[in-house]
Amino acid sequence: AEKQIPGGRETKGTVVMHAAEGDPHDIGKNIAAVMLRSTGYTIIDMGKDVAVVDVVAEVKKAKPMMVTGTALMTTTMTAFPHAAAMLVKDGINIPFMAAGGAVNRDFAESFDLGIYSEKAPQTPPIADQVRAGYDWKQIR
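Calculation criteria
- Residues numbered from 1 in each chain as written.
- Predicted model: local features only at pLDDT ≥ 70, side-chain atom pairs only at ≥ 80, totals over all residues.
- Heavy atoms only, no water.
- Pairing = 2+ DSSP bridges.
- Helix = DSSP H or I, 4+ residues; strand = E, 2+ residues; numbered from the N terminus.
- Axes fitted to C-alpha atoms, helices over the stretch in contact; angles between N-to-C directions.
- Contact = heavy atoms within 4.5 Å.
- Phe/Tyr/Trp six-rings, centres within 6.5 Å; stacked < 30°, edge-to-face > 60°.
- Buried < 20%, exposed > 50% of the residue type's maximum accessible area, 1.4 Å probe, protein only.

Strand order in the open sheet made by the five strands is 2-1-3-4-5, with parallel pairing throughout. Strands with a single pairing partner mark the edges of an open sheet, and in this sheet they are strand 2 (42–45) and strand 5 (114–116). This sheet shows a mean twist of 25° between the axes of neighbouring strands, independent of strand direction. One ladder, built from four bridges, connects strand 3 (residues 66–70) with strand 4 (residues 96–99); its direction is parallel. Within the sheet, the bridge partner assigned to Thr68 lies in strand 4 and is Met97. On top of the sheet, helix 2 (residues 52–62) reaches strand 1 (14–19), strand 2 and strand 3; it is set at about 170° to strand 1, its chief contact.

What follows is the structure, given as structure tokens:
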């Protein structure tokens, strides 16, 4: 529908979203995506069970202001620090929001780029902070 509006809709910024590699749970990501879209952000939704290399490739291609990952399983959340390390190695220094039932603040802030969101409604205000120029260290 937005594409049919004459002149389109101005976006606040782009966010790449995914559920961790090996994780089939994406309802929290989907809720956060709706909340971001409704507040004016463009979402690239990569879906669930997304490989780390695919997340990194999409971030390089899309050049978003932020990337988010959700994990409901402790066995899958370990993909986040791997993806963040690959981004840092490639000179990409955007916030990497880690969220989901398996994730807590200590884990999310244990790796470079990592920031935390406990609940989906916190995502738009955090995106607004990124948009305002806050880096991942300031958001923590």
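On we go.
For the structure on display, the rule yields three aromatic pairs. Between Phe80 and Phe96 the ring centres are 5.5 Å apart and the planes differ by 50°, which places this aromatic pair in the tilted class. With Phe80 in helix 3 (residues 79–89) and Phe96 in strand 4, this pair connects stretches of sequence that are 16 residues apart. Taken as a pair, Phe80 and Phe96 share a single burial class, namely buried. Measuring from centroid to centroid gives 6.1 Å for Phe96 and Phe111, while their planes differ by 85°, and the two rings are edge-to-face. Separated by 15 residues along the polypeptide, Phe96 in strand 4 and Phe111 in the loop between helix 4 (105–108) and strand 5 bring together distant segments of the chain.

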